[in-house]
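Report on the structure
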Amino acid sequence: MNILKNILYLLPAAVLCVGCTAKEVPSTETGAGVHAEDQVDENLIVVGVSQVGAESDWRNAHTESIKSALTSENGFYLIFEDAQQKQENQIKAVRNFILQEVDYIVLAPIVETGWDAVLQEAKDAGIPVILDDRLADVDEDLYTCWLGTNAEKEGEDAGHWLEDYLKDSGRDQETVKMVTLQGTLGATAQIGRTNGFSKVLKEHDNWEMLEMMDGDFTQAKGQEVMEELLKKYEEIDVVICENDNMAFGAVDAIKAAGRTCGPEGEITIISFDAVRAAFDAMIAGDINVAFECNPLHGPKLAEILKTLSEGGKVDKIQYMEEKYFDMTMDLESIRETRAY
Ligand code: AHR
């Protein structure tokens, strides 16, 4: 017979009977992921995941990967909370996970700052925290490990790609005017990509960064910001979009303004993520290059959680493997092999 754990959502303080033992569970305040009361197989690893939101194709693939890895068939009981791009919702979710006495907390922090208090609470409650995708600027002993992307390297790689591209097209001595559509300010992916690209930018006196604006990693904001930049600057040679969805918005804005982009157009578009729709845009000739940010964290997260629950040790920092894709490659064939 299975021994059961009780997990309670949105109920007032209650005394639950588990077999013959009673467990008091305080009320929770979150509105997301509501269930009345669930009985959980004691053998399952209970994991509370606080996701940023659903702002991009990348994020949806990331969510899907986590949900399909942390299943009961794989030995997990998943409590998934979508914070709708608000840090306060993530903080609430983490506090609820603590009240629910989950075994592990997985947090994808929307921005790097502001986590000290809540992660200290998780530590005091003895619940290990795994940071996923983005980092939190906290003392290292407040989290067990971090799994994510090397965003600074992605930004630097993008800068080197542009160097080569301009050289190959005989434009390396010309003045190159560029703008950046940044991701959510203060997010690891934004900080890393901006800093990485800036390193290469500094090496080129003829590269002029006209302006960097926050596009919040969404298509709508990317389009809005690009419209503004096109009105403000007559000449823009390169647009660096810190994710694919902002690139899609930028392409729409450029076309609506009667301008052209991509390998045959006047404006070079550099993007990050390399989701399937970015392959479509590269094949259509709208985007020049996409630097991969791999969202398929689920299997690796499952492995980390299993290792920890068996008393094993894991590396503190774990990077996903990533490549880049541009129009010099057989994009149609590669697209067929893409999982997201
Ligand atoms: O943190 C990863 C970034 O977040 C992805 O590049 C972006 O698409 C997502 O919203």
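Within each chain, residue numbers correspond to sequence positions counted from 1 in written order. Note on the predicted model: pLDDT of at least 70 is required for a residue's local features to be given, and 80 or more for side-chain atom pairs to be given and counted; whole-chain, interface and lining totals, by contrast, use all residues. Derived side-chain values reflect all non-hydrogen atoms in the structure, with water molecules and hydrogen atoms excluded from consideration.

For two strands to be treated as a pair, DSSP must find at least two bridges joining them. Going along the chain from the N terminus, every DSSP run of H or I of four or more residues is numbered as a helix, and every run of E of two or more is numbered as a strand. Strand order in the open sheet made by the six strands is E6-E5-E7-E8-E9-E15, with parallel pairing throughout. Only two strands of the sheet have a single neighbouring strand rather than two, namely strand E6 (76–82) and strand E15 (317–319). The mean angle between the axes of side-by-side strands here comes to 20°, regardless of whether they run parallel or antiparallel. With four bridges connecting them, strand E5 (residues 45–51) and strand E7 (residues 104–107) associate as parallel partners. Following the sheet pairing, Gly48 is matched in E7 by Ile105. Where helix H1 (residues 57–69) meets the sheet, it contacts E5, E6 and strand E8 (129–133), and its direction lies at approximately 140° from that of E8. The criterion used for residue contact is that any of the two residues' heavy atoms lie within 4.5 Å. For helices, the fitted axis covers only the stretch in contact; all axes are lines through C-alpha atoms, and the angles between them, taken along N-to-C directions, range from 0 to 180 degrees. Lying over the sheet, helix H9 (residues 298–309) contacts E5, E6, E7, E8, strand E9 (145–148) and E15, oriented at roughly 165° with respect to E8.

Around the ligand lies a shell formed by Glu55, Ser56, Trp58, Arg59, Asp133, Arg134, Ala189, Arg193, Phe217, Asn243 and Asp273. Nitrogen and oxygen atoms within 3.5 Å of one another constitute a polar contact, given that in protein one can donate a hydrogen and the other can accept it, and given that sequence-neighbouring residues count only through two side-chain atoms. Glu55 is positioned with one of its side-chain polar atoms (N or O) 2.5 Å from an oxygen atom of the ligand. At a separation of 2.5 Å, an oxygen atom of the ligand approaches a polar side-chain atom of Asp273. All accessible-area figures derive from a Shrake-Rupley calculation using a 1.4 Å probe, and residue coverage is judged against the displayed protein chains alone. When the free accessible area of the ligand is taken as 280 Å², the share hidden by the protein chains comes to 100%. The pocket occupied by the ligand, as judged from atoms lying within 2 Å of grid points, is the largest cavity. Breaking the shell around the ligand down by element, the ones donating at least two residues are H1 and helix H5 (188–201). Lys, Arg, Asp and Glu make up the charged group, whereas Ala, Val, Leu, Ile, Met, Phe, Trp, Tyr, Cys and Pro make up the nonpolar group; the residues left over, Gly among them, are polar. Split into classes, the residues belonging to the shell around the ligand amount to three nonpolar, two polar and six charged. Note on definitions. A residue lies near a molecule or strand when any single heavy atom of the residue is within 4 Å of it. With a 1 Å grid laid over protein atoms only, a set of points is called a cavity when a 1.4 Å probe fits there but cannot get out and a pocket when it is open yet has protein on both sides within 12 Å along at least five of seven lines; lining residues have an atom within 4 Å of a point. Pocket occupancy is defined atom-wise: a molecule lies in a cavity or pocket when more than half of its atoms are within 2 Å of its grid points.

Before going further, it helps to spend a moment on empty space enclosed by the protein. Grid points are joined across faces, edges and corners, and a volume is the space filled by probe spheres set on the points. Throughout the structure, instances matching the rule amount to two cavities of 30 Å³ or more. Quantified by volume, the largest cavity comes out at close to 90 Å³. As for the largest cavity, its lining consists of 13 residues, and the residues nearest its centre are Trp58, Arg134, Arg193, Phe217 and Asp273. Split into classes, the residues belonging to the lining of the largest cavity amount to four nonpolar, three polar and six charged. A volume near 40 Å³ is recorded for the second largest cavity. Forming the walls of the second largest cavity are Thr180, Arg193, Thr194, Phe197, Ser198, Met209, Met212, Ile240 and Glu242. When contributions to the lining of the second largest cavity are tallied by element, the ones reaching two or more residues are H5 and strand E11 (207–214).

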